[in-house]
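Survey of secondary and tertiary structure
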6 protein chains.
Amino acid sequence: MLLHHSSWPEVEAYLKRSKGIVIPIGSTEQHGPNGLIGTDAICPEAIATRAGAEADFLVGPTFNVGIAQHHLGFPGTLTLRPSTMIAALHDWVSSLARHGFERIYFFNGHGGNVSTIEAAFAEIYADASLAQDASNRGPVRCRRVNWWDFKPVMDFCKERYGSSHGAHATPSEVAVTYFLQPQAIKHVEMSPKVAPWGRYTDADSYRAAFPDGRIGSDPSLADPKDGEKLIALSVAGLIEDFRKFEAA
Amino acid sequence: MLLHHSSWPEVEAYLKRSKGIVIPIGSTEQHGPNGLIGTDAICPEAIATRAGAEADFLVGPTFNVGIAQHHLGFPGTLTLRPSTMIAALHDWVSSLARHGFERIYFFNGHGGNVSTIEAAFAEIYADASLAQDASNRGPVRCRRVNWWDFKPVMDFCKERYGSSHGAHATPSEVAVTYFLQPQAIKHVEMSPKVAPWGRYTDADSYRAAFPDGRIGSDPSLADPKDGEKLIALSVAGLIEDFRKFEAA
Amino acid sequence: MLLHHSSWPEVEAYLKRSKGIVIPIGSTEQHGPNGLIGTDAICPEAIATRAGAEADFLVGPTFNVGIAQHHLGFPGTLTLRPSTMIAALHDWVSSLARHGFERIYFFNGHGGNVSTIEAAFAEIYADASLAQDASNRGPVRCRRVNWWDFKPVMDFCKERYGSSHGAHATPSEVAVTYFLQPQAIKHVEMSPKVAPWGRYTDADSYRAAFPDGRIGSDPSLADPKDGEKLIALSVAGLIEDFRKFEAA
Amino acid sequence: MLLHHSSWPEVEAYLKRSKGIVIPIGSTEQHGPNGLIGTDAICPEAIATRAGAEADFLVGPTFNVGIAQHHLGFPGTLTLRPSTMIAALHDWVSSLARHGFERIYFFNGHGGNVSTIEAAFAEIYADASLAQDASNRGPVRCRRVNWWDFKPVMDFCKERYGSSHGAHATPSEVAVTYFLQPQAIKHVEMSPKVAPWGRYTDADSYRAAFPDGRIGSDPSLADPKDGEKLIALSVAGLIEDFRKFEAA
Amino acid sequence: MLLHHSSWPEVEAYLKRSKGIVIPIGSTEQHGPNGLIGTDAICPEAIATRAGAEADFLVGPTFNVGIAQHHLGFPGTLTLRPSTMIAALHDWVSSLARHGFERIYFFNGHGGNVSTIEAAFAEIYADASLAQDASNRGPVRCRRVNWWDFKPVMDFCKERYGSSHGAHATPSEVAVTYFLQPQAIKHVEMSPKVAPWGRYTDADSYRAAFPDGRIGSDPSLADPKDGEKLIALSVAGLIEDFRKFEAA
Amino acid sequence: MLLHHSSWPEVEAYLKRSKGIVIPIGSTEQHGPNGLIGTDAICPEAIATRAGAEADFLVGPTFNVGIAQHHLGFPGTLTLRPSTMIAALHDWVSSLARHGFERIYFFNGHGGNVSTIEAAFAEIYADASLAQDASNRGPVRCRRVNWWDFKPVMDFCKERYGSSHGAHATPSEVAVTYFLQPQAIKHVEMSPKVAPWGRYTDADSYRAAFPDGRIGSDPSLADPKDGEKLIALSVAGLIEDFRKFEAA
Ligand code: NI
Ligand code: NI
Ligand code: NI
Ligand code: NI
Ligand code: NI
Ligand code: NI
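Overview of the structure. Please read all numbers here as calculations on a predicted model, not as lab measurements.

Description of the relation of the copies chain B and chain A
- The transformation that overlays chain B on chain A combines an axial shift of 0.0 Å with a rotation of 180°, and the residual RMSD is 0.0 Å. Here the symmetry operator amounts to a two-fold rotation axis. Rotation axis and chain B: the residue whose C-alpha lies nearest the axis is Thr84(B), separated from it by 3.4 Å.
- With an isologous cut-off of 70% or more, the 100% of interface residues of chain B that recur at the interface of chain A puts this contact in the isologous class.

Structure, rendered in structure tokens:
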């Protein structure tokens, strides 16, 4: 059930049977020579949409630009400053809390978002914690899970890609997008085959360390069929994990 | 050409032939008894995507939550505070400017966004205007157009819906979403047939004045075939207007 | 009745008969070769003061620096960033709401303020709309009207100046200030007679497009006697409009 | 020379002979049973205007709402939050610096503004101090002086009012406004004759300690003729002090 | 009693006998050729710790970086922007208010902090003053005192150092740190013997006016034994003043 | 070498041999029935101080209040909001960068700080990444390490405390503070012996889940001698890790 495709009376009815919602959250950033700039938003959005349809829970709009300042050396990347993202997440959650949602599950597609999402949760909770009388606030609870966090997903990646999986522009995330958007498949020779590892700070330092944008990966291994399998594994993980969270 | 489906080398190549990009911008808010909560994001996104494919220009991710505080009396609505939205738009435009984009065209689907988008433009320009030495900043230029602003679109609405078009949850925008998402069509009897007009301030005042969320409209008139026609008219308008802006 | 010339017991007494107040709001920005930098604040302040005296309503201090980043290429212009102006208007309205004012009428003298004022209203209303329990907040309502919005004023301008009225540094606003401040009348030959039209973004772009600051106008037509007439027309419009708003 | 009554070419010409400007800064707050709510803005504005006319220096618009949260228990008071006021002063000074002003003299009418004005100066200077390369910033210098700071003014108050002068709603400031706005003179019996002294924090604590708003004063002593004298003394002080600052 | 060395049950017990706490607040900034960069934090922390131990009141953590933008021309200085410091103090006080603390006493070691601390108090109080219903907020009261404000301390300095005391990097504060940290005593020949006086704005202007960082002082007079005496005098002053504040 | 005990010429000299500095960063929050509220600041401060003395590197002031909103249900806890902490860290790092520091090593004592510190790094780097011309900014690089992250420290904890170590108010951190502050040792019977595990959101939820503040730990096992050992192990780890970072 997609919030964007629902009417308000349908949401009103939903709230009588559940106080939970899933918000896909990603990034708009370079993903190497053959990866899609929207990868980190496309993956959690597609997985959450399938899971929501299968298990009949509500999926909200995708938070599609995140923390990607380090990728700004590559054209097409967009970023929020962390302070902006915290303010935006605060507004999203406050809006949902107004309606009576009590379990907000952020389903994340970008490692670089993790710290800022967790900081935003603390900012949100601080409203109640700093209030001298918190009694008129609802018990909103937030959770963040990455789409690859479920064990079967991680096992599949380790087995299928081994040391070519890497940390950015991985074959697994590219495979997911290739399954979903076959018309956008790009055939690029990787050089070197497997990208280097390293550290970075800002955009210039990142581009100096990773000239084509990849970290430790060989995304030419990306196969749409693997993408389909990864989606199925993650859908199953999400349904189980969200149900637990919703009931807690 | 969708930014989300492109790789960074493709964007790098694009920047050699154009400095312009279209950003769909909408809202996530109630649209009456039979309208989709995502209407205001879905419409400009779909029109821009078609236009970008037809005329080969770049379309960025959709800014999908906007200014909808007055709709918060209806479940499912999300809002940003205007100050948050200004900060977020500032970050989006700064990111694009870093890559050399000079014409940022916001294609809008929500009347309630207009003031804040224009305020954000002033905030962005003020960076250069208040600088004592502005010489190291690029000449970024922003523009906002609503998808219904083109004369053929407005003529169609006037002729087709007359005084039943209204101002919120209009049959035209609902028709566009029904063409795009036929599985989400909702058959609801409107009562009264045409919704009232009026003024509002915050969420409680809005719901008191417009009990089912509509303003002045009869969205039961929404027909997917009209939606298809409206999209075609708006696509043509957008292509022409963006080309002028890009060249200016 | 001017707030600045009243004592607090007089305001306390006023609040027993009205919950409404008018706040003049303008800008401090260049107004072409013969226009006063304070024009946009002087006009609404003078009109509101006369209207308040005639109809016995309260007029607050003038918000005298607004959104004028695009005029910063001309010496003497001051601007706020939109985010600053939103914060300031939020504080002004919150102060008035604390005293029990429920109808805050912003009487505006500057087109460039409009978007930010409207965005500020949404920011203010969002306090109540996002609150889970809004019951302890008063029903504050805001309105913005430009001093030239009344039909008799616009008719006068069209008839008197025709295509020489323009959009910035207009003969009408200059005439109003010349009536009010005859010692500040400046005799300047305009070249060209009627200024060009065009678009602009930041301060440098504005000055490049409009070398002497005017847009589309010939303010050498400004005549103090017309200013007197314009004031009278706008005073009448304001009294009628404010009374309606106050009673709504 | 008033900025508001000048044209931009006049300011351009002024900048060739001086880089200095005076900004009156006050507050909009209760001033006891017979004092004007605008007192703290009216006094520095009138004194600066006279001084600027006499000595031919530029006087900008009045910053007319300041820090008055403690007076909000009395109807008519407006306040900014200190963080808002710092942002606004930052924008005002940045605007002036863009034009080449290098000496910004804030002529203050409200003791409660002092801390926040000084904090704003530090915020402004920090832009240059924290920059790694400050070389492209102009040497803007700010100064704050209260209109009663000059020795002849203070001597007059001590001699004329002695222990009835007090700290808020003083006979001297009321006298200045009575001279300037004789139609607004209010005859009120003070009870007690001289108001109490004490401490306060927020608005409720202030009103509890000072039931009619005065602190330590007997403003029924206010005489317009004394106001005229006080203005003359402060005008002389301002001219001398501004000239020194401008030349430093 | 140090908050940092207490457990929460001990603080819970303390709150039954007192609602007051002392927060040392200083700066991290250059203190001339022989002064410690931590001087302004070390002094109030040590004095408050001794006073709290002697008189059994609670002393919180030291707010150790303050407003020192003007000292940034000298290596080792850290500063907050005033707006940041206001936000941080707001959070500290809100945290304490949540626990029921009602008297927050800031014991300050840096003149440059004074304005921003006072502005922060107004920001904090404004929460209650701007609320339409302030009844659910506790009566938190703040106070700021500098460690040298007590008359015996000032008399000692005047008598002991006379015109060599100066305004920054004074022999008194250096003496206090030398008593506390004898291993950090630095023997430096001052040149000139007594530093100049003057005005400053940002970091560059400060360093130009005061080449070795001192203002008006000869800190080579600093003697650990005087430091011991100064601590004793200030401890006595603090105990007496805090007890009055706590009881008010 | 402590920044607080150094003079600016000593820091100037230091910068000729190193561009690195260590900043201890902790929290002020309840640590269970027998733990010190300052634990998370005391531990990294003491370890860094010892390491800096042994290996001759610079240690800055301790950032002593962090993210502890979830502990506000227990008296004595202080918190910053994440947005405030990001602003403060931004100012600290900007100050250091102004002096030429290029490696800022945050040595952390509180798990709850991690997300916000990492978000702050992204906020800091974004200044350069979003700049169109980043060439005038220094290559500042930040790093965060927790004092218990070094393998020998973790091994010691696992071996010594096993399943009684827990996640908050652990015997290891309490042992460190008991070694450092033996006078503050508190003998408290734990009930239950080992505290429960669980999840939490805001302050009320935390206190409901963890009635005495501990998570999964038995801090009655804390022994000062173990604290001494832990300090030695962490000092060694810090020296090695900082030297690598400084040289990178
Ligand atoms: Ni990715
Ligand atoms: Ni719509
Ligand atoms: Ni105008
Ligand atoms: Ni006053
Ligand atoms: Ni000092
Ligand atoms: Ni801890």
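On we go.
Some thoughts on the coordination of the nickel ion (ligand 1)
All names here are of chain A.
- Here the nickel ion (ligand 1) is held by His31 (NE2), Asp40 (OD) and Glu173 (OE), and the distances to it run 2.0 to 2.1 Å.
- Each donor residue of the nickel ion (ligand 1) lies on one chain, and together they are spaced H-x8-D-x132-E. Of this pair, Asp40 sits in helix 2 (residues 39-55) while Glu173 sits in helix 6 (residues 171-180), placing them 133 residues apart in sequence.
- Residue Asp40 is classed as buried on the basis of its relative accessible area of 2%.

Some remarks on the coordination of the nickel ion (ligand 2)
- For the nickel ion (ligand 2), the protein coordination sphere consists of His31(B) (NE2), Asp40(B) (OD) and Glu173(B) (OE), at 1.9 to 2.1 Å.
- All donors to the nickel ion (ligand 2) come from one chain, and their sequence spacing reads H-x8-D-x132-E.

What to know about the pattern of salt bridges
- Applying the stated criterion across every chain yields a total of 78 salt bridges over all chains.
- Between Arg98(A) and Asp204(B) there is a salt bridge whose closest N-O contact spans 3.4 Å. Placement of Arg98(A) in helix 3 (residues 82-99) and of Asp204(B) in helix 7 (residues 203-209) is noted, with the two residues assigned to different chains.
- Using a relative accessible area of 44% as the deciding quantity, one classes Asp204(B) as partly exposed.
- With its nearest N and O atoms 3.1 Å apart, the salt bridge here joins Arg143(B) to Asp241(B). One end of the pair, Arg143(B), is in strand 4 (residues 141-146); the other, Asp241(B), is in helix 8 (residues 224-247), with 98 residues separating them in the sequence.

Description of the sheet that holds strand 4 (residues 141-146) of chain F
All names here are of chain F.
- One open sheet holds the four strands; their spatial order is 2-1-3-4, and the pairing between them is parallel. The open sheet has two free edges, formed respectively by strand 2 (58-59) and strand 4, since each of these has just one partner strand.
- Packing of helix 8 (residues 224-247) onto the sheet brings it into contact with strand 1 (20-25), strand 3 (103-108) and strand 4, and relative to strand 3 it is tilted by some 155°.

Observations regarding the interface of chain C and chain B
- Opposite the 29 residues of chain C that make contact, chain B presents 29 residues.
- The contact between chain C and chain B buries some 2400 Å² in all, and 61% of this surface belongs to carbon and sulfur atoms.
- Here chain C and chain B share two salt bridges between them.
- Salt-bridge contacts for Asp127(C) lead to Arg81(B); the nearest nitrogen and oxygen are separated by 3.1 Å.
- Counting every contact that joins chain C to chain B gives eight residue pairs in polar contact (both at pLDDT 80 or more).
- Only helix 3 (82-99), helix 4 (114-130), strand 4 (141-146) and helix 7 (203-209) of chain C provide two or more residues apiece to the side of chain C that touches chain B.
- Element by element, the count of residues in the side of chain C that touches chain B is highest for helix 4 of chain C, at 12 residues.

Regarding the packing of aromatic side chains
- The tally for this structure, following the rule as stated, stands at 79 aromatic pairs over all chains.
- Ring plane angle 90° and centroid distance 6.1 Å describe the contact between Phe74(D) and Tyr206(D), whose orientation is recorded as edge-to-face. Remark: Tyr206(D) occurs in helix 7 (residues 203-209) and Phe74(D) occurs in the loop between strand 2 (58-59) and helix 3 (82-99); sequence separation between them is 132 residues. Comparing Phe74(D) with Tyr206(D) shows no difference in burial state: the two are buried.
- With 4.8 Å between their ring centres and 55° between their planes, Tyr206(F) and Phe210(F) make a pair best called tilted. Here the two residues Tyr206(F) and Phe210(F) agree in accessibility, since each one is buried.

A closer look at helix 8 (residues 224-247) of chain A
- With 24 residues, helix 8 of chain A should cover 34 Å at 1.5 Å per step; its first-to-last C-alpha distance of 35 Å lies within 8% of that length.
- By the N-cap criterion, in which a side-chain oxygen at the helix start approaches the backbone nitrogen of a residue two or three places on, helix 8 of chain A is capped by Asp223(A), the distance to Lys225(A) being 2.8 Å.

Considerations on the environment of Asp56(D)
Residues and elements named next belong to chain D.
- Its location among the elements puts Asp56 in the loop between helix 2 (39-55) and strand 2.
- A relative accessible area of 38% means that Asp56 is categorised as partly exposed.
- Each C-alpha atom of the pair Asp56 and Met1 lies 5.9 Å from the other, and the pair is 55 residues apart in sequence.
- When neighbours within four sequence positions are excluded, Asp56 is seen to be in contact with Met1, Tyr14, Arg17, Ala51 and Arg243.
- Within the structure, the side chain of Asp56 is placed 3.1 Å from the side chain of Arg17, a separation counted as a polar contact.

Scoring rules and cut-offs
- Residues numbered from 1 in each chain as written.
- Chains lettered and ligands numbered in written order.
- Predicted model: local features only at pLDDT ≥ 70, side-chain atom pairs only at ≥ 80, totals over all residues.
- Heavy atoms only, no water.
- Least-squares fit on C-alpha atoms with pLDDT ≥ 70 in both.
- Contact = heavy atoms within 4.5 Å.
- Donors = N, O, S within 2.8 Å, 3.2 Å for Na, K, Ca; no water.
- Helix = DSSP H or I, 4+ residues; strand = E, 2+ residues; numbered from the N terminus.
- Buried < 20%, exposed > 50% of the residue type's maximum accessible area, 1.4 Å probe, protein only.
- Salt bridge = Lys/Arg side-chain N within 4 Å of Asp/Glu carboxyl O.
- Pairing = 2+ DSSP bridges.
- Axes fitted to C-alpha atoms, helices over the stretch in contact; angles between N-to-C directions.
- Buried area = accessible area lost by both parts, 1.4 Å probe.
- Polar contact = N/O pair within 3.5 Å; in protein donor to acceptor, adjacent residues only side chain to side chain.
- Phe/Tyr/Trp six-rings, centres within 6.5 Å; stacked < 30°, edge-to-face > 60°.
- Expected span 1.5 Å × (residues − 1).

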